[in-house]
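Listed below are the residues making up each chain.
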Amino acid sequence: MGFVKRQKEERADVNERVYERNCDGFSAQLKDPDPAVRRWAARDIVECPGASTVLLERLEKEEAIEVRQAIFTSLINIGDRDAITGLVECLRSEDAALRNEAIEAMKQLPEGVSAIIKELLKDDDPDVRIFAVNILEALSHPDVEEWLIDVIESDSHVNVCATAVDLLAEIGTEKSLNSLDKLRTRFSSEPYIQFAVNIAIERITNGQYHDK
Amino acid sequence: MGSTMINDIRISYEDFQKFREYFYHKTGIWFDESKRYFVDKRLVERIAATGMCNFRSYFTMLRFQASGDELQNLINSMTVNETYFFREEYQLKCLVKSVLPEITEKKFDNLPIRIWSIPSSSGEEPYSIAIYLLEYWEGINHWDVEIISSDIDTNMLHCARKGFYSHRSVQYLPAQILHKYFRNTDGGYQISEELRNVIEFTRVNLFDPTETKSYRNFDIVFCRNLLIYFDDMSRRQAAENLYDAMKPGGFIFLGHSESMSRISPLFKVRKFAEAVVYQKPYYKSEV
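Keep in mind the model is a prediction, meaning the values are calculated, not measured.

(A) The pairing of strand E10 (residues 276-279) of chain B, seen in detail. Residue and element names in this part refer to chain B. By the bridge criterion, 2 bridges tie strand E8 (residues 246-254) to E10 in an arrangement that is antiparallel. Each residue of the ladder has a partner; that of Ile252, found in E10, is Tyr278. Relative to E10, strand E9 (residues 268-271) runs antiparallel, the two being bridged by 4 bridges. Among the inter-strand pairings, Lys268 is bridged to a residue of E10, identified as Gln279. Turn length for the E9-E10 hairpin, with the two strands adjacent in sequence and antiparallel, is 4 residues.

In structure tokens form, the structure reads like this:
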């Protein structure tokens, strides 16, 4: 016993998989009872036409975390319009884990998500608008602050505004100060908004601001 | 930008706080107050190197730069890229005292125990693992062990295969181990031929799922201080690839400042007496 160095052909235990390696095969394997098979199919299907649709269909019923993770990673890698539309739909799900996974995935797709983020920030559902602000947190885009300013100036929902203020505290500049002040007036009876706005302004001004 | 202007750049406490929160979010690395001087110095260097005039403009550029190049530069300057024999020895102790006993207790085949050390860098880590097993794990007399070590950098792999090391690199090795496994060379040491022959060094890009496909069935992975260098997506992809390279029930060691829980929900946290290690869960049918 001791150290061994094996040739490739001696490694029967690490041999390649035996499943059919083509797009039809991957689609079929996504329904296999074995999660390990489904996970590999979710990874391998990336190059196939229409992969996003097939993956999103599977995602709706998939319960194994290792398969869900592989599906999300593949959707990020594909990053096409279908993938992004499907991820947006996940934000409306009752399944909190699915929503969170979708948010994390969308944070990895700055280009595609930037194209639709304004729409999401105006969605009828305030929860979706909050998730959209959460996504902005990690989106490397020069307009993030502008979008957040627009939210705190126009959104009627206190929780959406509060989420936007929290993010402005982290990334805001002097550009946001005026709108933050207006928000404080607009929600004058909401103690959290008063508190969050004060924190944001203090951070942006490095503590130079004094309450008016 | 000249040194006079570097001297004009000031990092306020609020800047430091803002930066460390951002850096923590991006890398999982947290700088406490004692690191203030270290952080400020490197921030000032990066602000000057990028031609920015103050922290605020630099921080805005850092956040919104689409390529993420400057974040990478900053990470490189904020992390100490140093390796040596028996680095983070508590993890090697954990390997022989807790992890290997658990693996062998549940192992019912005659196949070798497979260990993957990535990145190999110049070989200190895989050779440290081999030495540790020979010196401190009785099981080496009963089990076959296969160690594969990989890196994306072929120059590093070449160095690792040759096995020449500086005094600095071996400074934490006990003297008897140094004498047993190394020979003196001009200005340093070379690791024994026996050890050089037992480790297979291979080139792989951990972030490319196609390249990692043939890396399978590892019982143990050492992937220390690598994931911190990459962005969220690369880390996510790397975690997926590591997961697929491991056997159910296999263990992965990360660097002391790294946390798999912040990268991927795929692994279980295992707290042993010596160290925190991450484990690929068994399939439900195997539990």
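(B) Highlighting the packing of helix H4 (residues 65-78) of chain A against helix H12 (residues 232-245) of chain B. Two elements in contact, H4 of chain A and H12 of chain B, have axes separated by 11 Å at closest approach and are oriented at 140°. In this view, H4 of chain A runs oblique relative to H12 of chain B, as classed from their interaxial angle. Of the two possible hands of crossing, H4 of chain A and H12 of chain B adopt the one that is left-handed. Two secondary-structure elements touch here, H4 of chain A through Glu66, Gln69, Ala70, Phe72, Thr73, Ile76 and Asn77 of chain A and H12 of chain B through Met233, Arg236, Gln237, Glu240 and Tyr243 of chain B. Class assignment for the residues of the contact of H4 of chain A with H12 of chain B results in 5 nonpolar, 4 polar and 3 charged.

(C) Geometry of the packing of aromatic side chains. Residues and elements named next belong to chain B. Counting across every chain of the model gives 18 aromatic pairs over all chains. For the pair Tyr132 and Tyr136, a centre-to-centre distance of 4.4 Å together with 45° between the ring planes defines the contact as tilted. Linking Tyr132 with Tyr136, this pair stays in helix H7 (residues 124-136), spanning 4 residues, or about one helical turn. Aromatic side chains Phe182 and Tyr189 sit 6.5 Å apart centroid to centroid with 85° between the ring planes, which places their arrangement in the edge-to-face category. On the accessibility criterion, Tyr189 (13% relative accessible area) is buried. Among the aromatic residues, those joined into a cluster by ring pairs are Phe85, Tyr127, Tyr165, Phe182, Tyr189 and Phe201. Across the ring face of Phe218, the terminal group of Arg114 is positioned such that the distance to the ring centre comes to 4.3 Å. Stacked on the ring of Tyr243, the Lys or Arg Lys280 has its end atom at 4.3 Å from the ring centre.

Thresholds, definitions, all that
- Residues numbered from 1 in each chain as written.
- Chains lettered and ligands numbered in written order.
- Predicted model: local features only at pLDDT ≥ 70, side-chain atom pairs only at ≥ 80, totals over all residues.
- Heavy atoms only, no water.
- Pairing = 2+ DSSP bridges.
- Helix = DSSP H or I, 4+ residues; strand = E, 2+ residues; numbered from the N terminus.
- Axes fitted to C-alpha atoms, helices over the stretch in contact; angles between N-to-C directions.
- Parallel < 35°, antiparallel > 145°, perpendicular 65-115°, else oblique.
- Left-handed = near helix turned anticlockwise from the far one by under 90°.
- Contact = heavy atoms within 4.5 Å.
- Nonpolar A, V, L, I, M, F, W, Y, C, P; charged D, E, K, R; others polar.
- Phe/Tyr/Trp six-rings, centres within 6.5 Å; stacked < 30°, edge-to-face > 60°.
- Buried < 20%, exposed > 50% of the residue type's maximum accessible area, 1.4 Å probe, protein only.
- Lys NZ or Arg CZ within 6 Å of the ring centre and 35° of its normal.

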